[in-house]
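As a plain string of letters, each chain reads:
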Amino acid sequence: MSTTNLWREHRVLLGRWLARLRREPLAVLALLAQPMVWLVLFGHLFTKMSVPGGSYLRFMTAGAVVMTTFNACLTGGVELLFDRESGFLVRLLAAPASRVSLVTSRFVYLTALTGVQGVVILVAAWLMGVHYASGIGGVAAGLAVGALFGAGITALSVALAFSLRSHSQFFPLVGFASLPLTFASTALVPLALMPGWMRAVARLNPMTYAVDALRELIMTGWQVAPLVGTVGALLVFDVCCVATATAALRHGMR
Amino acid sequence: MTSSADAAVEVIGLRKDFGATRALDAATFNVARGEIFGLLGPNGAGKTTTMRILLTLLKPTAGTARVAGHDVTGEPVAVRERVGWVPQEHTVDPLLTVMENMTFMGGMYHLRPIAARRQAAQLLDLAGLAGHGNKMAKVLSGGTRRKLELAMSLMHVPAVLFLDEPTVGLDITARRDLWAYVRQVSGQGTTVVLTTHYLEEADALCDRVAIIDRGRIQATGAPGELKIAYRASSLDEVFLAATGQELAA
Ligand SMILES: Nc1ncnc2c1ncn2[C@@H]1O[C@H](COP(=O)(O)OP(=O)(O)OP(=O)(O)O)[C@@H](O)[C@H]1O
Ligand SMILES: [Mg+2]
């Protein structure tokens, strides 16, 4: 398994994911517009909520970025399920390409995609008057923490794609999981305003970790010790997700 | 009988069990280099299972198989580098262009991008698809799409090409067109192993065939030899006799 070969596989796989995206202009539009909807809709809906730091828009910018990453990554495995359903995947398994590249190319693609979406949201929020306490470097670090969270979610999505028979099972399951997980996190509401049981759930929710890290960087500035703790926690989360995905892949690649 | 030294495919005592189902039982046959070889048999006979084992996608329960000189269980990657496959299902990406489908496959076989584009252009030319490179694959007719799938499987110049029911669903013109293409590929030195339910197709196209039924090889030989051995006037009659079936009156 030479690096040249891995590079050539990833090159065409990424090219394929991008070409498929490019050919669905509506999907591109939705991917760029949805984050705006979060900002504008929720930003105005909850302006009266009392949040630390005063400005709800500033408070929820981090939430909008991480929610967007979460949603893109949560459905990010479905392309592999489409390929399983159509027989395209098994055709690729007959090639000498590494099995793992199919999955890692999805990680790279989704990290790039959600990175772009994150930047779009941050720029839009900045134009709407949000000020970033830790500067560009801090915000970039926050996006990287978001990507760590996204990687785990992508792995779970891939696991789902290899455990289910068809995409008609995939979308209802993902739709069912998405909203409760978002609301039981600090994406939209601070912990202090949640009922006790929900606060307990939110404290365990990895989305809370990613949101809080980015929010700190936006609203207060660099806090190195908690940031390191968050990165550690998200890495543990990623390891668990990748282990789940590996087991599912073994089972699903037949 | 072919000697194993110049065998492209060598199958010895192959068995495959799916739980209680024995899909393949003591299958033994050789395919000589450069041959067009047909695997014939009724639905569920074990044709696709045989191919999937030879393609390293399934592990045999017992027996051995070598393809292009490499053992399918011991050296799967070496085998994958040397074989091409057009599965029973459709495997073009409808959202890519014809050219993108070709170069994508090239990359999955580790071709350099420039080499892949050159190879793709040559293969499309040979397949009579030269003008179709920028078309979206989803607009192709059934016959053209099948030819594209065949061309895609030739990007890495495989030693052995496996075609699983390549002409199913094609009209007679498209089918004959595909036969000509398969002959052309074979003429350039590629060994071809194909399955089909059209026995006149096997008769016209294959140098030798194996008739397989309920996982067992019932007969192997050139269509002409088999007709003589079974005192039959067509491959249909050979097939029915070898699989113990009779035509309804
Ligand atoms: N993954 C599997 N799990 C369980 N049984 C299987 C599996 N694949 C094939 N079989 C069984 O093995 C037998 C041979 O199937 P195979 O697909 O090889 O037949 P075939 O000759 O290709 O048939 P067809 O002409 O319909 O394509 C059948 O009884 C089939 O049901
Ligand atoms: Mg079959």
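Just so you know, these numbers come straight off a predicted model, no measurement behind them.

Quick look at the interface of chain A and chain B
Between chain A and chain B, the contact holds 26 residues from the first and 29 residues from the second. Summed over both partners, the interface of chain A with chain B buries about 2600 Å², with 64% contributed by carbon and sulfur atoms. Together, Arg 23, Arg 91 and Pro 96 of chain A form the three largest contributors to the area buried by chain A at its contact with chain B, with a combined 28%. Across the chain A-chain B interface, the total number found is three salt bridges. Here Arg 23 of chain A makes a salt bridge to Glu 100 of chain B, at a shortest N to O gap of 3.0 Å. Inspection of the chain A/chain B interface yields nine residue pairs in polar contact (both at pLDDT 80 or more). Every element with two or more residues in the side of chain A that touches chain B is listed here: helix H1 (3-22), helix H5 (88-93) and helix H6 (99-127) of chain A. Take the side of chain A that touches chain B: its biggest share by element is 10 residues, from H1 of chain A. Its residues placed into classes, the side of chain A that touches chain B shows 12 nonpolar, three polar and 11 charged.

A short note on empty space enclosed by the protein
Per the stated rule, a full pass over the model turns up two cavities of 30 Å³ or more. Contributing to the lining of the largest cavity are Thr 69, Cys 73, Phe 107, Leu 110, Thr 111, Thr 114, Ala 147, Gly 150, Ala 151 and Thr 154 of chain A. Here the residues of the lining of the largest cavity are counted per class, giving five nonpolar, five polar and no charged. In this structure, the second largest cavity occupies an estimated 30 Å³ of space. What lines the second largest cavity is simply Glu 165, Pro 166, Thr 167, Val 168, Thr 196, His 197, Tyr 198 and Glu 201 of chain B. For the lining of the second largest cavity, the residue count by class is three nonpolar, three polar and two charged.

A look at the site of ligand 1
All names here are of chain B. Close contacts around ligand 1 come from 14 residues, with Gly 44, Lys 47, Thr 48, Thr 49 and His 197 the closest. Residue Thr 48 places a side-chain N or O atom 2.7 Å away from an oxygen atom belonging to ligand 1. One nitrogen or oxygen atom from the side chain of Gln 88 is found 3.1 Å from an oxygen atom belonging to ligand 1. About the coverage of ligand 1: the protein hides 61% of its 640 Å² of free accessible area. Secondary structure elements with two or more residues in the shell around ligand 1: strand E2 (21-32) and helix H1 (47-54). Sort the elements by how many residues they give to the shell around ligand 1 and H1 lands first, with three residues.

Quick look at the nonpolar core
Soluble globular proteins: nonpolar side chains tend toward being buried together. In this structure, Val 9, Met 108, Leu 148, Leu 150 and Phe 162 of chain B are the most contacted members of the largest nonpolar core, which totals 156 residues. The dominant element in this core, judged by the number of residues it contributes, is helix H3 (residues 56-74) of chain A, at 12 residues. Discounting chain neighbours no more than four positions away, the residues touching Leu 150 of chain B are Val 86, Leu 161, Leu 163, Leu 178, Tyr 181, Val 182 and Val 185 of chain B.

Observations concerning the confidence of the model for chain A
When the pLDDT values of chain A are averaged, the result is 92; 99% of them are 70 or greater. Summarising per-element confidence for chain A, the mean pLDDT is lowest in helix H2 (residues 25-45) of chain A (83) and highest in helix H10 (residues 206-219) of chain A (96).

A short note on the packing of helix H4 (residues 78-86) of chain A against helix H8 (residues 167-183) of chain A
Residue and element names in this part refer to chain A. Between H4 and H8, whose axes approach to 10 Å, the crossing angle comes to 160 degrees. Judged by the inter-axis angle, H4 sits roughly antiparallel to H8. Taken as a pair, H4 and H8 cross one another with a handedness that is right-handed. Together, Val 78, Leu 81, Phe 82 and Glu 85 of H4 and His 167, Phe 170 and Phe 171 of H8 make up the contact between the two elements.

Topic: the environment of Phe 82 of chain A
Residues and elements named next belong to chain A. Following the sequence through the fold, Phe 82 ends up in helix H4. For the pair Phe 82 and Arg 23, spaced 59 residues apart in sequence, the C-alpha separation works out to 16 Å. In this view, Phe 82 contacts His 167 and Phe 171; residues no more than four positions away in its chain are not counted.

Topic: the side chain of Thr 97 of chain B
Checked against the element boundaries, Thr 97 of chain B lands in the loop between strand E6 (83-86) and helix H3 (98-108). Aside from chain neighbours lying at most four places away, what touches Thr 97 of chain B is Arg 23 of chain A together with Gly 133, Asn 134, Lys 135, Met 136 and Ala 137 of chain B.

Some points on the coordination of the magnesium ion (ligand 2)
Residue and element names in this part refer to chain B. Only Thr 48 (OG1) and Gln 88 (OE1) from the protein coordinate the magnesium ion (ligand 2), and they sit 1.9 to 2.5 Å from it. Of this pair, Thr 48 sits in helix H1 while Gln 88 is found in the loop between E6 and H3, placing the two residues 40 residues apart along the sequence. Note on Thr 48: relative accessible area 26%, which makes it partly exposed.

Side note on the sheet that holds strand E9 (residues 208-213) of chain B
Hydrogen bonds between backbone groups are what pair the strands of a sheet, and the pairing can be parallel or antiparallel. All names here are of chain B. One open sheet holds the six strands; their spatial order is E6-E7-E8-E3-E9-E10, and the pairing between them is mixed. What marks the edges here is a single partner per strand, and that holds for E6 and strand E10 (216-221). The mean angle between the axes of side-by-side strands here comes to 15 degrees, regardless of whether they run parallel or antiparallel. As defined by bridge partners, E9 adjoins E10 across five bridges and the pair is classed as antiparallel. What sits directly across from Val 209, in E10, is Gly 221. Sitting on the sheet, H1 is in contact with strand E3 (36-40), strand E7 (160-164), strand E8 (191-195) and E9, with an inclination near 150 degrees to E7.

Re the pattern of salt bridges
Going through the model one piece at a time under the given rule, you end up with 15 salt bridges over all chains. The salt bridge involving Asp 83 of chain A is made with Arg 16 of chain A; its shortest N-O contact spans 2.9 Å. Placement of the pair is Asp 83 of chain A in helix H4 and Arg 16 of chain A in helix H1, with a sequence separation of 67 residues. In this structure Arg 16 of chain A comes out as buried when scored by relative accessible area, which is 2%. The closest approach of N and O atoms between Asp 93 of chain B and Arg 16 of chain A, which form a salt bridge, is 2.6 Å. You can see Asp 93 of chain B sitting in the loop between E6 and H3 and its partner Arg 16 of chain A sitting in helix H1, one on each of two chains. With respect to burial, Asp 93 of chain B and Arg 16 of chain A carry one shared label: buried. One continuous salt-bridge network, built from bridges that share partners, spans Arg 16, Arg 20, Glu 79 and Asp 83 of chain A together with Asp 93 of chain B.

Cut-off values and rules
- Residues numbered from 1 in each chain as written.
- Chains lettered and ligands numbered in written order.
- Predicted model: local features only at pLDDT ≥ 70, side-chain atom pairs only at ≥ 80, totals over all residues.
- Heavy atoms only, no water.
- Contact = heavy atoms within 4.5 Å.
- Buried area = accessible area lost by both parts, 1.4 Å probe.
- Salt bridge = Lys/Arg side-chain N within 4 Å of Asp/Glu carboxyl O.
- Polar contact = N/O pair within 3.5 Å; in protein donor to acceptor, adjacent residues only side chain to side chain.
- Helix = DSSP H or I, 4+ residues; strand = E, 2+ residues; numbered from the N terminus.
- Nonpolar A, V, L, I, M, F, W, Y, C, P; charged D, E, K, R; others polar.
- 1 Å grid on protein atoms, 1.4 Å probe; cavity = no way out; pocket = protein on both sides within 12 Å on 5 of 7 lines; lining within 4 Å.
- Points joined across faces, edges and corners; volume = space filled by probe spheres on them.
- Near = heavy atom within 4 Å.
- Areas by Shrake-Rupley, 256 points an atom, 1.4 Å probe, with all protein chains shown as cover.
- Core = buried A, V, L, I, M, F, W, Y, C linked by side-chain atoms within 4.5 Å.
- Buried < 20%, exposed > 50% of the residue type's maximum accessible area, 1.4 Å probe, protein only.
- pLDDT = per-residue confidence, 0-100.
- Axes fitted to C-alpha atoms, helices over the stretch in contact; angles between N-to-C directions.
- Parallel < 35°, antiparallel > 145°, perpendicular 65-115°, else oblique.
- Left-handed = near helix turned anticlockwise from the far one by under 90°.
- Donors = N, O, S within 2.8 Å, 3.2 Å for Na, K, Ca; no water.
- Pairing = 2+ DSSP bridges.

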